[in-house]
Amino acid sequence: MAKKRRERREAEGLSSAHEEPKANHDHRQELKETQNIGGGSARMSLLILVSIFTCSASVMYLVYRNFPELNDDEMEKIKIPKDMDDAKALGTVLSKYKDTYYTQVLMAYFTTYVFLQTFAIPGSIFLSILSGYLYPFPLALFLVCLCSGLGASFCYMLSYLVGRPVVYRYLTERAQKWSQQVDKHRDHLINYIIFLRITPFLPNWFINITSPVINVPLGVFFLGTFFGVAPPSFVAINAGTTLYKLTTAGEAVSWNSLAVLGVLAVLSILPVCFQKKLQQKLE
């Protein structure tokens with residue numbers, strides 16, 4: 001009897017020994033196929049991204065084709081501002097045509113801001129400052145918040161379509177850490193997004209491209225961005241009313257404005273703290 005059991009165990013051991021290399025081979029083959037699929041996915045993502053960027057650039061071209069005719073000196077100033085001097089030069093040209101060609105100037109400003117936000121291109125801070133110079137404060141604030149919300153949402157959707165391979169390959173660790181934080185604040189996610197937009201803890205581009213990967217709802221993302229960018233935009237727009245006194249974008253931010261932003265950031269998470277304490281008492 002004992003001999004039969006021993007023979008049975010030896011037979012099972014031999015069977016397992018034969019199956020293990022096969023399983024390892026299958027696993028390696030699966031990984032290889034996944035890598036090949038990932039490479040194809042990355043190439044397809046790049047192709048889609050280039051196509052979308054080309055279409056967006058074409059829309060930008062059509063908008064500027066509809067712009068009033070400019071002389072050579074003014075044409076040189078129509079560009080995405082890289083510093084405060086560029087912003088001042090651009091503001092000079094736009095303010096000259098704003099009243100006569102109000103719709104064209106507004107559409108050019110709107111599409112440019114959304115374009116920069118969608119593709120995470122630097123320069124939107126100067127456009128925020130410029131809005132305070134061109135438009136009344138309530139319109140400027142609404143315009144900047146709307147452009148920021150739409151541009152960030154388009155970036156979100158772009159990342160949803162083509163950005164996952166980039167996030168998985170280059171931002172895995174940071175995305176995992178932020179995913180854990182999002183899970184902790186899942187019940188009050190809009191407050192958390194507002195808090196992140198006010199504070200500089202995470203770059204805006206990182207929030208935009210990783211949010212769809214970690215399942216942040218688009219509606220919550222848009223509302224959190226729309227309201228969250230309002231306090232920093234308030235500071236930038238207010239500085240834009242004295243545009244020609246500024247020499248750098250950093251001068252738009254004072255210690256008083258930083259203090260106000262800090263207070264607003266705390267206020268954005270106070271309801272969450274009160275809710276947690278209330279739940280603890282009820283439990």
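Residues numbered from 1 in each chain as written. Predicted model: local features only at pLDDT ≥ 70, side-chain atom pairs only at ≥ 80, totals over all residues. Heavy atoms only, no water.

## Things to note about the overall build of the chain
When its secondary structure is counted, the chain shows 12 helices and zero strands. When the helices and strands of the chain are read in sequence order from the N terminus, they spell out α-α-α-α-α-α-α-α-α-α-α-α. Counted over contacts in the chain with a minimum sequence separation of 6, partners at least 24 positions apart contribute 78%. When the accessible surface of the chain is summed, it comes to about 17,300 Å², and 62% of that surface belongs to carbon and sulfur atoms. (Helix = DSSP H or I, 4+ residues; strand = E, 2+ residues; numbered from the N terminus. Contact = heavy atoms within 4.5 Å. Areas by Shrake-Rupley, 256 points an atom, 1.4 Å probe, with all protein chains shown as cover.)

## So, the side chain of D86
Residue placement: D86 occurs in helix 3 (residues 84-98). What makes D86 buried here is its relative accessible area of 15%. Among residues more than four places away in sequence, those in contact with D86 are K79 and P81. (Buried < 20%, exposed > 50% of the residue type's maximum accessible area, 1.4 Å probe, protein only.)

## Here we look at the packing of aromatic side chains
For the coordinates displayed, the defined rule picks out 15 aromatic pairs. With a centroid separation of 6.3 Å and an interplanar angle of 45°, the aromatic rings of Y64 and F67 are classed as tilted. Residue F67 is classed as buried on the basis of its relative accessible area, which comes to 10%. Here the aromatic rings of Y109 and Y135 are separated by 6.3 Å at their centres, their planes lie at 75°, and the arrangement is edge-to-face. Taken together, the residues span a long stretch of sequence, with Y109 in helix 4 (residues 102-118) and Y135 in the loop between helix 5 (124-134) and helix 6 (137-170) at a distance of 26 residues. Judged by relative accessible area, which is 4%, Y109 ranks as buried. Overall, Y135 belongs to the buried group, its relative accessible area being 4%. We note R174 situated over the ring of F206; from NZ or CZ to the ring centre the distance is 4.5 Å. (Phe/Tyr/Trp six-rings, centres within 6.5 Å; stacked < 30°, edge-to-face > 60°. Lys NZ or Arg CZ within 6 Å of the ring centre and 35° of its normal.)

## Describing helix 10 (residues 218-228)
Burial in helix 10 covers these residues: F221, G224, T225, F226 and G228. Among the structural elements, helix 6, helix 8 (189-198), helix 9 (204-210) and helix 11 (230-240) are those in contact with the buried residues of helix 10.

## Remarks on the environment of A239
Relative to the elements of secondary structure, A239 occurs in helix 11. When the C-alpha atoms of A239 and I129 are compared, they prove to be 6.3 Å apart, with 110 residues separating the residues in sequence.

## Here's the deal with the confidence of the model for the chain
Averaged over the chain, the pLDDT score is 77; the fraction of residues at 70 or greater is 71%. Contacts from residues 1-5, a stretch scored under 50 in pLDDT, to residues over four places away or in other chains number zero contacts. Scored below 50 in pLDDT, residues 9-39 shows zero contacts in the model against residues more than four places distant or in partner chains. (pLDDT = per-residue confidence, 0-100.)

## Thoughts on the pattern of salt bridges
A side chain with one charge may pair with a side chain of the opposite charge, provided their charged atoms come close. This structure, assessed with the given rule, holds six salt bridges. Here D183 and R186 are joined by a salt bridge, their closest N and O atoms 3.0 Å apart. By relative accessible area, which is 46% here, D183 ends up partly exposed. Residue R186 is classed as partly exposed on the basis of its relative accessible area, which comes to 33%. (Salt bridge = Lys/Arg side-chain N within 4 Å of Asp/Glu carboxyl O.)

## A look at helix 4
End to end, helix 4 covers 24 Å across 17 residues, agreeing with the expected 24 Å (1.5 Å per residue, within 8%). Residues of helix 4 that are buried: V105, A108, Y109, T111, T112, Y113, V114, F115, L116, Q117 and T118. (Expected span 1.5 Å × (residues − 1).)

## Observations concerning the packing of helix 10 against helix 11
In the contact formed by helix 10 and helix 11, the axes pass within 5 Å of each other and the chain directions differ by 35°. Every residue of helix 11 that contacts helix 10 at F226, F227 and G228 is listed here: A230, P231 and P232. Per-class residue counts for the contact of helix 10 with helix 11 are five nonpolar, one polar and no charged. (Axes fitted to C-alpha atoms, helices over the stretch in contact; angles between N-to-C directions. Nonpolar A, V, L, I, M, F, W, Y, C, P; charged D, E, K, R; others polar.)

## A look at the nonpolar core
Counting residues in hydrophobic clusters, the biggest one holds 27 residues, and the most contacted among them are L94 and L127. At the level of secondary structure, the elements contributing two or more residues to this core comprise helix 1 (2-65), helix 3, helix 4, helix 5 and helix 6. In terms of residues, this core owes the most to one element, helix 4, which gives seven residues. Residues contacting L94, with those up to four places away along its chain left out, are F67, I78, V105, L130 and L134. Counting residues in hydrophobic clusters, the runner-up holds 21 residues, among them A152, V167, A175 and F206. (Core = buried A, V, L, I, M, F, W, Y, C linked by side-chain atoms within 4.5 Å.)

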